[in-house]
Amino acid sequence: MVLNTSHPFTNPWAQAVNSTGKAEHRLTTVPQGCDSAAVSEPFLRLVGGDGRCRGRLQVQVAGQDWSEVTPGLVPLRFGNRVCEELDCGAAVTARQSRVGMRRAVQLDHSACENTSLITCFSFNTDPSEASLELNCSDSVRMVGGRSLCSGSLQVRDQSLNQSWAGVCEGALGHRGAEVLCRELGCGAPLLQGALSPLGQTFHCEGNESALMDCPRTRTRPESCPPVDLTCEEPLRLLGGASRCEGNVEVKYSDEWRPVSTLSDPWDLEAVAVVCRDMDCGTVVSTGKKRNVTQRYGWIVSSECVKTAAVRDCIQHDDPHADDMDLVCSDLLTIPEVSVSEGEWEPRAKGGVWVQMGADFQVKCSVEPQYPGGSFQLLSPTLNHTLPAVNHTAHFLFTDASPAHKGNYTCVYLLHVYNHSFTSNWTLHIRPGESDAQFLVRALILLLLMLLNFVPYFYYRQATRGRQRRERARRRRAAP
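Residues numbered from 1 in each chain as written. Predicted model: local features only at pLDDT ≥ 70, side-chain atom pairs only at ≥ 80, totals over all residues. Heavy atoms only, no water.

A. Looking closely at the state of the cysteines. What the rule picks out here adds up to 9 disulfides. Residue cysteine 204 pairs covalently with cysteine 214 via a disulfide, S to S 2.1 Å. Every disulfide takes its handedness from the sign of the S-S torsion; for cysteine 204 and cysteine 214 that torsion is 110 degrees, giving right-handed. Within this pair, whereas cysteine 204 is found in the loop between helix H4 (174-183) and strand S10 (228-230), its partner cysteine 214 is found in the loop between H4 and S10, the two being separated by 10 residues in sequence. Classification of cysteine 204 by relative accessible area gives buried; the value is 7%. For cysteine 364, the disulfide goes to cysteine 410, at an S-S distance of 2.2 Å. Placement of cysteine 364 in strand S21 (residues 360-365) and of cysteine 410 in strand S25 (residues 406-416) is noted, with a sequence separation of 46 residues between them. (Disulfide = S-S within 2.5 Å. Helix = DSSP H or I, 4+ residues; strand = E, 2+ residues; numbered from the N terminus. Buried < 20%, exposed > 50% of the residue type's maximum accessible area, 1.4 Å probe, protein only.)

B. Layout of the sheet that holds S21. Across the sheet, which stays open at both edges, the 3 strands sit in the order S18-S21-S24 with antiparallel pairing between neighbours. Each edge of the open sheet is held by one strand with a lone partner, namely strand S18 (336-340) and strand S24 (392-397). Going across the sheet, the axis of each strand differs from the next one's by a mean of 20 degrees, ignoring polarity. As paired strands, S21 and S24 are joined by 6 bridges and run antiparallel to one another. Paired with glutamine 361 across the bridge in S24 is leucine 396. (Pairing = 2+ DSSP bridges. Axes fitted to C-alpha atoms, helices over the stretch in contact; angles between N-to-C directions.)

C. Quick look at a nonpolar patch on the surface. Where nonpolar side chains cluster on the molecular surface, the patch consists of Leu439, Leu443, Ile444, Leu445, Leu446, Leu447, Leu448, Met449, Leu450 and Leu451 and spans about 990 Å² of accessible area. By the element assignment, leucine 446 lies in helix H7 (residues 435-477). Accessibility expressed as a relative area gives 46% for leucine 446, which makes it partly exposed. (Patch = residues over 30% accessible without salt bridge, like charges linked within 9 Å, V, L, I, M, F, W, Y side chains within 5 Å. Areas by Shrake-Rupley, 256 points an atom, 1.4 Å probe, with all protein chains shown as cover. Salt bridge = Lys/Arg side-chain N within 4 Å of Asp/Glu carboxyl O.)

D. Looking closely at the pattern of salt bridges. Counting across every chain of the model gives 15 salt bridges. A salt bridge links aspartate 87 to arginine 156; the shortest N-O distance between them is 3.5 Å. In this pair, aspartate 87 is assigned in the loop between helix H3 (76-85) and strand S5 (91-106) and arginine 156 in strand S8 (residues 150-156), connecting sequence segments 69 residues apart. Each member of the pair, aspartate 87 together with arginine 156, is buried. Between aspartate 277 and arginine 146 there is a salt bridge; the shortest N-O distance is 2.7 Å. Taken as a pair, aspartate 277 in helix H5 (residues 268-277) and arginine 146 in the loop between strand S7 (140-144) and S8 lie far apart in primary sequence, 131 residues in all. According to the relative accessible area criterion, aspartate 277 is buried, its value standing at 19%. When its relative accessible area of 38% is taken as the criterion, arginine 146 is described as partly exposed.

E. Region of the structure containing the layout of surface pockets. Taken as a whole, the second largest pocket holds about 420 Å³ of empty space. If you trace the second largest pocket, you find 20 residues lining it, with Val92, Arg182, Glu183, Gly185 and Asp254 closest to the centre. At the level of elements, S5, strand S6 (126-136), H4 and strand S12 (245-252) are the ones that each hand at least two residues to the lining of the second largest pocket. Per-class residue counts for the lining of the second largest pocket are 7 nonpolar, 7 polar and 6 charged. (1 Å grid on protein atoms, 1.4 Å probe; cavity = no way out; pocket = protein on both sides within 12 Å on 5 of 7 lines; lining within 4 Å. Points joined across faces, edges and corners; volume = space filled by probe spheres on them. Nonpolar A, V, L, I, M, F, W, Y, C, P; charged D, E, K, R; others polar.)

F. Seen up close, the environment of asparagine 390. Position of asparagine 390 among the secondary structure elements: in the loop between strand S23 (383-387) and S24. Using a relative accessible area of 68% as the deciding quantity, one classes asparagine 390 as exposed. The sequence separation of asparagine 390 and proline 368 amounts to 22 residues, and the corresponding C-alpha distance is 8.1 Å.

G. Representation of the side chain of serine 131. Residue placement: serine 131 occurs in strand S6. A polar contact of 2.7 Å, which involves the side chain of serine 131, links it to the side chain of glutamate 68. If near-sequence neighbours (up to four positions away) are discounted, serine 131 is found in contact with Arg56, Leu57, Glu68, Val69, Pro71, Arg95, Gln96, Ser97 and Val99. (Polar contact = N/O pair within 3.5 Å; in protein donor to acceptor, adjacent residues only side chain to side chain. Contact = heavy atoms within 4.5 Å.)

H. Layout of the nonpolar core. With 55 residues, the main nonpolar core has Leu44, Phe78, Phe121, Trp266, Val300, Val310 and Leu326 as its most contacted residues. Considering each element in turn, this core owes the most residues, 5 residues, to H5. When neighbours within four sequence positions are excluded, leucine 326 is seen to be in contact with Leu237, Cys244, Glu245, Gly246, Val248, Val271, Val274, Cys275, Val283, Ser285 and Thr286. (Core = buried A, V, L, I, M, F, W, Y, C linked by side-chain atoms within 4.5 Å.)

I. Inspection of H5 at higher detail. Taken together, the buried positions of H5 are Ala270, Val271, Val273, Val274, Cys275 and Asp277. Each element contacted by the buried residues of H5 is listed here: strand S11 (235-239), S12, strand S14 (283-289), helix H6 (302-305) and strand S17 (322-328). Looking one or two places after H5, you find aspartate 279, whose phi comes out positive at around 55 degrees.

No statement about biological role is implied by the geometric values presented.
Here's what the structure looks like:
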């Protein structure tokens, strides 16, 4: 397997322990009032799952029995801290489960945002039948990204003595990226140059459930740039006139559900995250929509979303909350500019040659997105606006001349949702001769040259004849 062993990917987990002491400190932090000698083993574990990185979260303090944890409102990014603590990769899901009535430790994730994990637990046990169930990715993770769905890819493998190492750029193809994004609970991978169709380390078919299930080519470790990957956030807007308006839904634990709110609608800063992650421009409006079907929705912390992604901030589900309705501006497609109705030839890179003296049209068009709108054409000889008819406008030019040489910029203007939006694209036009015109001019020039050369040729021949006769006469007259 081609792995990156250069800094900072040489056993990053061990590096964090050795260089900062934070990992070791988290595992042995003693709650206030406890005997430090009693805490010598990891105080967290996951039980009841199909491995050490899946199951219900339990906590142990001061040599006491292991206790279940009552989760409260726990976002996925808190679960990610637990997965990191257990050296289990990244959090995929964090949900409540019912285990029967028993005494459980209370969890308050907001109390330990910037401190050790052990300070999240009250250690005052109360009867509860709810427990926090975590599913960690175990052997893959992405680090250093804006959310759990982006960052530099790292894997853990037996050949690495169970340490983490970065994967080299070019070692992961698109199918492998699809497997990875699906394994982490994210959307499809965004196309990037780091995804290579050749020379892959991971030979995935695309239907594997985990990246480490793919056949691999094992090679010696080497220093190389790591794979930086971004998966789409699992978001969508339904019920609107376009993909950028409607009810907000997020896919979590393989379920699409509405994003719901128990209080006031999100402020613009939080809602802007949804528009940004869906590549839908800026916020136009937001509001609440009554949940009349009593369908369970995902309750998401708006404050958490401001610094993370929507999926990372899901706290729990609820059938009584209002759904969130959102309108984003959408990103207008870039208009296309082309030349028609005339003899033209794409002779130059980035430009178009139009026949001198010909009539031609500049056509501006966009992919269907919104009805209406208009096109403004900015050119050396014209600044004019026409309405968009079937998402197209034609601008007519007559008698192409050197004055028409220059940049032709097509600006698409649209007013929708009481907002104005624009997008533009530029084409360079150079009036010139066609091949036929050039050939005719070349032939005429050649003919003129011949007409001038023939008299000169006969003049030179006559001059040389006279010179030869004169030399012969002189030789005969010589004594």
